[in-house]
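Remarks on the overall topology
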Amino acid sequence: MSPRSCRFVFVLFLLLSQYHAFSQDFSPDQYNLTWTSQSKNSGESMPCGGGDIGLNVWVEKGDLLFYISRSGIFDENNVFPKLGRVRMALSPNPFDAGDSFRQELKLNEGYVEISGKKGKLNATVKVWVDVFKPVVHVDIEGNQPVSAQAWYESWRTDVTEMKGNAKSASSYKWAAPVVTVLPDTVRHENNGVLFYHQNRDSTIFDVMVSQQKLDAVKSKLWNPLKNLTYGGWMSGRNMIANPAIASGRYVDAAFKGFGLKTKSPTRSVQLSIYLHTDQQSDIAVWKKGLLETVAKAKLDEKTASVKSLEWWKQYWQRSYIALNVGKKDGASPVWQVGRNFQLFRYMLGCNAFGTYPTKFNGGLFTYDPVFVDTSYHFNADHRNWGGGIFTAQNQRLVYWPMLKSGDFDMMKPQFEFYQRILSNAETRTQHYWGHKGASFTEQIENFGLPNFAEYSSKRPAGYDPGLEYNKWLEYLWDTSLEFCLMILDQQHFTGADIRSYLPLIESCVVFFDEHYQYLAARRGAAKLDQNGDLVLFPGSAAETYKMAYNSATTVAGLKTVLERMLALPSEYGDEAQRKRWNEILERVPPLSFREMQGHRTIAPAQAWERIQNTEIPQLYPVYPYGIYGIGKPDLETAINTWKYDTEAIKNRNHTSWHQDGIFCARLGLTEEAAALTIKKLQDSGRRFPAFWGPGHDWVPDHNWGGSGMIGLQEMLMQTHGDSIYLLPAWPDDWDVQFKLHAPKNTVVEGEWKEGKIVKLKVTPEYRRNDVISSKCDD
């Protein structure tokens, strides 16, 4: 039943022992996506991937096609380009006006399988990616010999220009009249196709350093773009080069095709694309690294498929939320929520070992942009909000659900992103203001500086060069605190050693302590207010409440992160460090409150100058910072903020990065949370149902899927300290099988069916006493 409207009644599971121990292996097979007709274009593609590689796979007019993406690929303009497109055709061709067709994403195995029949000819195609080596495989088996042709297709063989909205794929965005795109190198080599791009010495990094007046410290700044070289080699078993270079046009981009063909008809065709990335000035050294990748892959080719299959199988056993199992109904929004949860988690798993975090604005699975916006006649490298820009307010929602999913190893790329740019963030702080701490801005580049366009080259004389001249992003520093909390949460969940990240976390909080005392000293004689608290002004409550005084997001973030730092085991921080952490905590001002419609609510700040965006930062003390919520004091004030704050009500939304469903789950508002979760995770309206968006961003919108995942997890289980709150906002009529992770290396798995718990297992067993349920009797 829904929780009481007045308050929650928590009942200890004193009789947990009545639920017998059980073990259930989850199979995602029931959620496999199957198509029985070919696709019209890349907008109807299916994701496939592994390790750090993503493919968009589709069959169009009898040809198999797929785009290739890989984590950590950035050109001179910080575009995140595709590594190309592959096209394959068979002769005779069972997919050309054949009698039957089937394309299936096999989740448990992690690959796409395509089968076709025409007359007496049958063929099955398996497209898969080696999880542990950067290799894409296409395996084709037929009941009759066929000839095969494969083309590597590139739309980047000549110098081109980006104009208009096309520039938003780069870090220049609107702020440059024309952006020049330098060509790749593509040629036949050793009966294969060699393709690569080597960034020149000068890139947008150099442009930004000069723009932001950092030339004096340029030698200290880490530059990931200079000479970054990426590409690969495509070859096939018993295939030879087809020297004739093809040319054509796919959708809005002209291309050249470099082909391979089988020596003779065969029943078995194997095509492989080997990838390699290195920051290397000598192309011969890069090619040597590529050849080593090829050699290692061939050495392990007999076991690579089995190892990848095993990885995907264990991935699905880590965690799951399966709704209405045994009641498959594609038209049911609730069943769609369960299916799309798995489909989105599959896409996250494709970048498990990425050099860079999964991008919020499309991840590895963007496609030709005209199928997102009919006015966008650009090539397949396009995505709005850039390729090398990592917007923290969006990125966080991709990574928070990995805690309860137990995907702790997959969180490393996001943590390492901040670890790599820490030195640059500290260097800019020292250079501009002469104090310590890491100044991480919003709309941050992959080298830690503010985005070129958002920083703005059209600035008033004498304006602080450390600030973005931007009404949306000015003084928005506190987004880094969420990632600090994420790291601390992983330690709480797993006991992992996070000492290597402690300097990052410490530098983030030190920045606020030192910078706001620095600003206060420039305004007057006192660095603190009359209570001895920091004066967090000017600040920002998300991008919505600007020129804020003691923003709720900053106050809640500092308070929560510092308290969690002090709660770390004693080996974290020496006595002097801990003394300083406590001193900074004591200087954090309190949250502010206001009356709205006759009710006490959390205020977004103590004061502000203007309101301009559509976030609800007054509820960030609920999520992500957890100051209010189930089992915590003064829950009524937080609920009142959702119900009666007229500005919050105006900004309610389910699309993209909006986290309304998470708020409602954390507040125990079951009906609202369920309705919003359905809106989040039901079918997208595109052929692949988890390609949501564009929302505020792009397709597939990964912060849309991530926020939906978090909301569903929070409906099912919440944790506070050592306590585990089960079913705090779960509808009685949603049957569910689940396995989720909790602090102290705890796993909670069970089944809710027909309005009651029928199975429950908590590992380790002693943690059963910490489980609390919000389900109560009439």
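Residues numbered from 1 in each chain as written. Predicted model: local features only at pLDDT ≥ 70, side-chain atom pairs only at ≥ 80, totals over all residues. Heavy atoms only, no water.

A few words on the overall build of the chain. Check the secondary structure of the chain and you find 17 helices and 32 strands. Expected size for 778 residues packed as a compact globule is a radius of gyration near 28 Å; at 27 Å, the chain falls within 12% of this value. Overall size of the chain, expressed as C-alpha extent along the three principal axes, is 85 × 70 × 50 Å. For the chain, long-range pairs separated by at least 24 residues make up 70% of all intrachain contacts whose partners lie at least 6 apart in sequence. About 27900 Å² of surface is accessible on the chain, with carbon and sulfur atoms providing 49% of the total. (Helix = DSSP H or I, 4+ residues; strand = E, 2+ residues; numbered from the N terminus. Rg over C-alpha atoms; globule rule 2.2 N^0.38 Å. Contact = heavy atoms within 4.5 Å. Areas by Shrake-Rupley, 256 points an atom, 1.4 Å probe, with all protein chains shown as cover.)

Here helix α16 (residues 670–681) is 12 residues long and its end C-alpha atoms lie 16 Å apart, about the 16 Å a rise of 1.5 Å per residue gives. Restricting attention to buried positions, one finds in α16 the residues Thr670, Ala673, Ala674, Leu676, Thr677, Ile678, Lys680 and Leu681. Residues of α16 that are buried make contact with α4 (333–349), α13 (635–644), α15 (660–666) and α17 (702–716). (Expected span 1.5 Å × (residues − 1). Buried < 20%, exposed > 50% of the residue type's maximum accessible area, 1.4 Å probe, protein only.)

It is worth spelling out the nonpolar core at this point. Nonpolar side chains tend toward joint burial in soluble globular proteins. Leu55, Leu271, Ile273, Phe440 and Trp730 are the most contacted members of the largest nonpolar core, which has 216 residues in total. Core analysis: the next-biggest nonpolar cluster, separate from the first, contains 9 residues, Trp233, Tyr274, Trp286 and Ala297 among them. (Core = buried A, V, L, I, M, F, W, Y, C linked by side-chain atoms within 4.5 Å.)

Here we come to the sheet that holds strand β23 (residues 545–548). An order of β22-β23-β26 is seen for the 3 strands of this open sheet, with the pairing classed as antiparallel. Sheet topology places β22 (539–541) and β26 (610–611) at the edges, where each strand pairs with a single neighbour. Where β22 meets β23, 3 bridges bridge the pair, whose relative direction is antiparallel. Across the sheet, residue Ser540 finds its bridge partner in β23, namely Lys546. (Pairing = 2+ DSSP bridges.)

Here the focus is helix α11 (residues 552–566). The first and last C-alpha atoms of α11 sit 21 Å apart over 15 residues, in line with the 21 Å expected at 1.5 Å per residue. Extensive coverage of α11 is indicated by the burial of 11 of its 15 residues. Taken as a whole, α11 has its buried residues at Ala552, Thr553, Thr554, Val555, Ala556, Gly557, Leu558, Thr560, Val561, Leu562 and Met565. Along its buried surface, α11 packs onto α9 (480–494), α10 (502–523), β22 and α12 (575–587).

Right, let's talk about the confidence of the model for the chain for a bit. This prediction gives the chain a mean pLDDT of 95; 96% of its residues lie at or above 70. Contacts of residues 1–21 to residues separated by more than four positions or lying in other chains number 52 contacts, the stretch itself having pLDDT below 50. (pLDDT = per-residue confidence, 0-100.)

With that settled, consider the packing of aromatic side chains. Applying the stated criterion to the full structure yields 45 aromatic pairs. With 5.5 Å between their ring centres and 90 degrees between their planes, Trp312 and Tyr315 make a pair best called edge-to-face. Of this pair, Trp312 and Tyr315 are both found in helix α3 (residues 304–318), 3 residues apart, which corresponds to roughly one turn of the helix. Comparing Trp312 with Tyr315 shows no difference in burial state: the two are buried. Three or more aromatic residues joined by ring pairs form one cluster here, namely Phe74, Phe80, Tyr356, Phe390, Phe417, Tyr418, Phe440 and Phe483. The ring of Trp128 carries the charged tip of Lys126 above its face, separated from the ring centre by 5.2 Å. Directly above the ring of Phe593 sits Arg600, whose terminal nitrogen or CZ lies 3.8 Å from the centroid. (Phe/Tyr/Trp six-rings, centres within 6.5 Å; stacked < 30°, edge-to-face > 60°. Lys NZ or Arg CZ within 6 Å of the ring centre and 35° of its normal.)

The next subject is the packing of α4 against α16. Running from N to C, α4 and α16 point in directions that differ by 60 degrees, and their axes come no closer than 9 Å. Relative to α16, the element α4 is oriented oblique. For the pair α4 and α16, the sense of crossing is left-handed. Together, Pro333, Val334, Gln336, Val337 and Asn340 of α4 and Thr677, Ile678 and Leu681 of α16 make up the contact between the two elements. Class assignment of the residues belonging to the contact of α4 with α16 gives a composition of 5 nonpolar, 3 polar and no charged. (Axes fitted to C-alpha atoms, helices over the stretch in contact; angles between N-to-C directions. Parallel < 35°, antiparallel > 145°, perpendicular 65-115°, else oblique. Left-handed = near helix turned anticlockwise from the far one by under 90°. Nonpolar A, V, L, I, M, F, W, Y, C, P; charged D, E, K, R; others polar.)

Between Tyr623 and Pro624 the backbone carries a cis peptide bond, its omega angle lying at 15 degrees. Relative to the helices and strands, Pro624 resides in the loop between β26 and α13. Between Thr763 and the following residue, Pro764, the backbone shows a cis peptide bond with an omega angle of 0 degrees. Within the secondary structure layout, Pro764 lies in the loop between β31 (756–763) and β32 (771–773). For Lys173, which is not glycine, the phi dihedral falls at a positive 45 degrees.

Running from amino to carboxyl end, helix α7 (residues 412–433) crosses α10 at an angle of 20 degrees, the nearest separation of the two axes being 11 Å. The orientation of α7 with respect to α10, classified from their angle, is roughly parallel. Of the two elements, α7 crosses α10, and the hand of that crossing is left-handed. In this structure, α7 contributes Tyr418, Gln419, Leu422, Glu426, Thr429 and Trp433 to the contact, and α10 contributes Pro503, Leu504, Ser507, Phe511, His515 and Tyr518. Grouping the constituent residues of the contact of α7 with α10 by class yields 7 nonpolar, 4 polar and 1 charged.

All right, on to the pairing of strand β18 (residues 266–279) then. Strand direction decides the pairing type here: strand β10 (residues 135–154) and β18, joined by 8 bridges, are antiparallel. Counterpart to Val138 in the pairing with β18 is Leu271. Bridging between strand β15 (residues 228–236) and β18 involves 9 bridges; their strand directions are antiparallel. The partner of Met234 across the bridge, within β18, is Ile273.

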